[in-house]
Amino acid sequence: MPVSAKGRVDERGGLAYTPAMAETLLEPIAAGQTRFLMQGLAPDARGIAVGRETLIVLPSLDRLVAFLGSYSEECSLDELIPTMTIERARRERGGHALLLRCAGGDSYALDRMQRMALAVRGQLYTGGGTVFVRARDRNAPFGYDLAVPLSAESDDVLAVDHEFSARYRAIDRLDPVELIQRLSLRPVPFPLGGISDNADLCGMYDMALALVAPGISERVLAYLWGAQVTMAGVRIALEGERRASLLLRLRQPSGLILDVLHGIPGIELLVPVSERAAVELGYRHPIHLASASSCLPGDEMYLFRGRVGRVERLEGAPQFIDGRHLVQSDVAGRVIEPGDARSIGARVQRVQLRLRPSAAVREPRGALVPWEQGELLRRLVYLIPPTSLAAARLAMLPEGMLVLTGSSLGGLATGVGAAAVIPLGKRICEVAPGVLVPDGYELWPRVRPQLVRELLGLNAGEHALFRGPDSDPVRLRPEHLTPLDAAIIGRMQLSEGEAMHPEGGQPEPGLIENQRYGWWFPLWGFGANLERNRG
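Residues numbered from 1 in each chain as written. Predicted model: local features only at pLDDT ≥ 70, side-chain atom pairs only at ≥ 80, totals over all residues. Heavy atoms only, no water.

Chemist: Teacher, can you tell me more about the overall build of the protein here?
Modeler: Check the secondary structure of the protein and you find 12 helices and 35 strands. Within the span of the protein, comprising 535 residues, buried residues form 41% of the whole. Across the protein, contacts joining residues at least 24 apart in sequence account for 66% of those joining residues at least 6 apart. Split by element, the accessible area of the protein, about 31400 Å² in all, is 51% carbon and sulfur. (Helix = DSSP H or I, 4+ residues; strand = E, 2+ residues; numbered from the N terminus. Buried < 20%, exposed > 50% of the residue type's maximum accessible area, 1.4 Å probe, protein only. Contact = heavy atoms within 4.5 Å. Areas by Shrake-Rupley, 256 points an atom, 1.4 Å probe, with all protein chains shown as cover.)

The following block contains the structure:
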């Protein structure tokens, strides 16, 4: 390369001065130094020289995106974007670079940004206006200052390093907000065992969004409603589609439900990453959007879809409607009562509650005594403890008499009841509040106790009795249950009696007569009164 009297051209396009003029373009700043050759430098509270602005030179656009992504993971981009500008520049001696400029003045923030810039093969400078010097490093803990005066021509940016200086001329400017919105999503590895194997369900432990195609929305609503998933939804019109799609919000969904939805064509699961942004499952945005809310201006909701490569912008925050109002309430012309919308699911998914033998040991809650043993029951009433007898209830059934005690409903006493001391008939146990089955059986499949009552349609205070595997359950209302003592113990007939006088006649009315007893009247304190009278 040609070498002039003043210096030589550096391979990176800058001007490097020869040793005859100066060994280096920068010199370390000493501790406590307050006067600098470069304008715009000033010491901060730690004595480190920083400029009004910070300049980061990055070789390509992907390195710029990498820097912004790493910065958003540790800090808030909302604090950086207001003063940040991104320019595409041409180097004076050839080549291109991206210049990121932002406000400076804090050495702590400068150290953090320098660490991230070096990690993505960038270089950080500090200064102001058009001249910037290399930021501090291990050889100069208080920063660098110019060894010789330098200035940039016109609006060019001059970045000065140890042995070279580079001039950059801006070509055009990039809008940071528009750049972040137009970034493509990056695929991420999916758990081999499915969503349920992930500890936080791939970020959907608390809430998940599902974008459902119009053709399958009704079936998906029916499935989720039958699976007892807390949901809300809204119909949204996407660009280029004639029919509105369904956007569902699922609260604390199970991993099994998410695995089922993820495998259905026409359903896209979206992971909420901020209050107004969600990213499709299996992809991630290069920028941590939770720390870049200023990049999503307005009140719009942004849905980043990875498979189709689109960003859906919804006008305003979606006004979700409770899922129970979205589920259809009629099937094949049959009118369904409110609250019975879970019957809309496919028939192949329906199973019936049934009894099956079980070896589980349960406390008896009642006894079904056949009519042939009614006389024995009447005799055993004398052996039942008073508290158990007062709490027991009796219901008359075609098979016999049901003695019920210790139920979870109706205020019946718990503990040892009348059924535990009656060795007659068939013992009855409780598998759910108010749901009674014969001893040695259980309901299959095992479902939640409150769901059993809901499936049986029981109201408050009502019981359901499963008499056997081949019999339908019986509904017992409160008026069907009579207190056992009042039903078993009969009334006694009392004869009317009259009080008679000992002599056979009617008694004469009594007379009251007052007489004087003198000194010897039997009252408390008689002795003290007598002595006082004698004195």
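Let us keep going from here.
Chemist: How should the nonpolar core be read in this particular structure?
Modeler: Across soluble globular proteins, nonpolar side chains have a tendency to be buried as a group. One finds Phe67, Leu77 and Leu100 to be the most contacted residues of the largest nonpolar core, which totals 40 residues. The set of elements that each furnish at least two residues to this core consists of β6 (53–58), α1 (61–74), α2 (77–80), β8 (96–103), α3 (107–119), α4 (176–181), β19 (277–280) and β21 (301–305). Discounting residues that sit within four places of it in the chain, Phe67 has contacts with Ile56, Leu100, Met113, Met116, Ala117 and Val120. (Core = buried A, V, L, I, M, F, W, Y, C linked by side-chain atoms within 4.5 Å.)

Chemist: Could you clarify how one ought to interpret the environment of Gln228 in this entry?
Modeler: With respect to the secondary-structure elements, Gln228 resides in the loop between α5 (217–226) and β16 (231–236). Since its relative accessible area comes to 32%, Gln228 is described here as partly exposed. When the C-alpha atoms of Gln228 and Pro253 are compared, they prove to be 9.7 Å apart, with 25 residues separating the residues in sequence.

Chemist: How do you make sense of the packing of aromatic side chains when you look at a structure like this?
Modeler: For any two aromatic rings, the description comes down to two numbers: the centre-to-centre distance and the angle of the planes. The tally for this structure, following the rule as stated, stands at 1 aromatic pair. With a centroid separation of 6.2 Å and 35° between ring planes, the pair formed by Phe67 and Tyr71 is classed as tilted. Taken together, the residues Phe67 and Tyr71, both in helix α1 and 4 residues apart, mark about one turn of the helix. Residue class for Phe67 comes out buried when judged on its relative accessible area of 0%. Here the guanidinium or amino end of Arg46 rests over the ring plane of Tyr108, the centre of that ring lying 3.9 Å away. Positioned above the aromatic ring of Trp444, the side-chain terminus of Arg356 is 3.6 Å from the ring centre. (Phe/Tyr/Trp six-rings, centres within 6.5 Å; stacked < 30°, edge-to-face > 60°. Lys NZ or Arg CZ within 6 Å of the ring centre and 35° of its normal.)

Chemist: Even after reading the chapter, I still don't get the pairing of strand β29 (residues 400–404), so can you show me in this structure?
Modeler: One face of the sheet, then the other: side chains in a regular strand alternate in exactly this way. Most of β29 sits inside the fold, with 5 of its 5 residues counted as buried. Where strand β27 (residues 364–370) and β29 come together, 5 bridges link them in antiparallel fashion. Bridge pairing in β29 links Ala367 to Val403. Both strand β28 (residues 393–397) and β29 contribute to a ladder of 5 bridges, which runs antiparallel. Following the sheet pairing, Leu394 is matched in β29 by Val403. Joining the antiparallel neighbours β28 and β29 is a turn of 2 residues. (Pairing = 2+ DSSP bridges.)

Chemist: Is there a simple way to explain helix α10 (residues 449–456) in this structure?
Modeler: Residues lying three or four places apart along an α-helix face the same way, a consequence of the helix completing one turn every 3.6 residues. Among all positions of α10, only Leu451, Val452 and Arg453 are buried. Contacts from the buried residues of α10 go to β30 (426–432), β31 (435–438) and β32 (441–444). Immediately beyond the C-terminal end of α10, within one or two residues, lies Gly457, with a positive phi of roughly 70°.

Chemist: What should I look at first to understand the sheet that holds strand β15 (residues 207–212) in this one?
Modeler: Within a sheet, each strand pairs with its neighbour through backbone hydrogen bonds, oriented either parallel or antiparallel. Spatial ordering of the open sheet is given by β22-β21-β19-β18-β15-β17-β16-β23, a layout of 8 strands whose pairing is mixed. Bordering the open sheet on either side are β22 (310–314) and β23 (321–322), each of which pairs with just one other strand. On the sheet, helix α6 (residues 255–262) packs against β15, β17 (245–251) and β18 (267–274) and is oriented at approximately 125° with respect to β18. (Axes fitted to C-alpha atoms, helices over the stretch in contact; angles between N-to-C directions.)

Chemist: Can you walk me through the sheet that holds β31 in this structure?
Modeler: One open sheet holds the 8 strands; their spatial order is β34-β33-β31-β30-β27-β29-β28-β35, and the pairing between them is mixed. Edge positions in the open sheet fall to β34 (474–476) and β35 (482–483), since each of these has one partner strand only. Here α10 sits on the sheet in contact with β30, β31, β33 (463–465) and β34, set at roughly 95° to β31.

Chemist: Got a minute to help me understand unusual backbone geometry in this structure?
Modeler: Omega for the bond connecting Trp444 with Pro445 falls within 30 degrees of zero, at 0°, which places this linkage in the cis form. Here Pro445 lies in the loop between β32 and α10. Positive phi is not limited to glycine here, since Arg121 has a value of about 65°. By secondary structure assignment, the location of Arg121 is in the loop between α3 and β9 (123–128).

Chemist: Would you mind going over the pattern of salt bridges with me for this structure?
Modeler: Oppositely charged side chains are able to pair whenever their charged atoms sit close together. In the structure shown here, the tally under the stated rule is 27 salt bridges. Between Glu375 and Arg378 there is a salt bridge, and its shortest N-O distance comes to 2.6 Å. Remark: Arg378 and Glu375 occur in helix α7 (residues 374–380); sequence separation between them is 3 residues, near one turn of the helix. Exposure remark for Glu375: the relative accessible area of 39% places this residue in the partly exposed category. (Salt bridge = Lys/Arg side-chain N within 4 Å of Asp/Glu carboxyl O.)

Chemist: Where do I start with the packing of α1 against α3 in this structure?
Modeler: Pairs of packed helices are described in terms of their axes, by the angle between the two and the distance that separates them. Their axes nearest at 9 Å, the elements α1 and α3 cross at an angle of 140°. As the angle between them shows, α1 and α3 are arranged oblique. As α1 runs across α3, the sense of the crossing is right-handed. On α3, the residues that touch Phe67, Ser70, Tyr71 and Glu74 of α1 are Arg112, Met113, Arg115, Met116 and Ala117. In terms of residue class, the contact of α1 with α3 is made up of 5 nonpolar, 1 polar and 3 charged. (Parallel < 35°, antiparallel > 145°, perpendicular 65-115°, else oblique. Left-handed = near helix turned anticlockwise from the far one by under 90°. Nonpolar A, V, L, I, M, F, W, Y, C, P; charged D, E, K, R; others polar.)

Chemist: Before we go on, may I ask you to explain the packing of α5 against α6 in this structure?
Modeler: Taken N-terminus to C-terminus, the directions of α5 and α6 make an angle of 165°; their axes are 12 Å apart at the nearest point. As the angle between them shows, α5 and α6 are arranged roughly antiparallel. Of the two possible hands of crossing, α5 and α6 adopt the one that is right-handed. Contacts from Val220, Tyr223 and Leu224 in α5 reach Ile257, Val260 and Leu261 in α6. The class makeup of the residues in the contact of α5 with α6 is 6 nonpolar, no polar and no charged.

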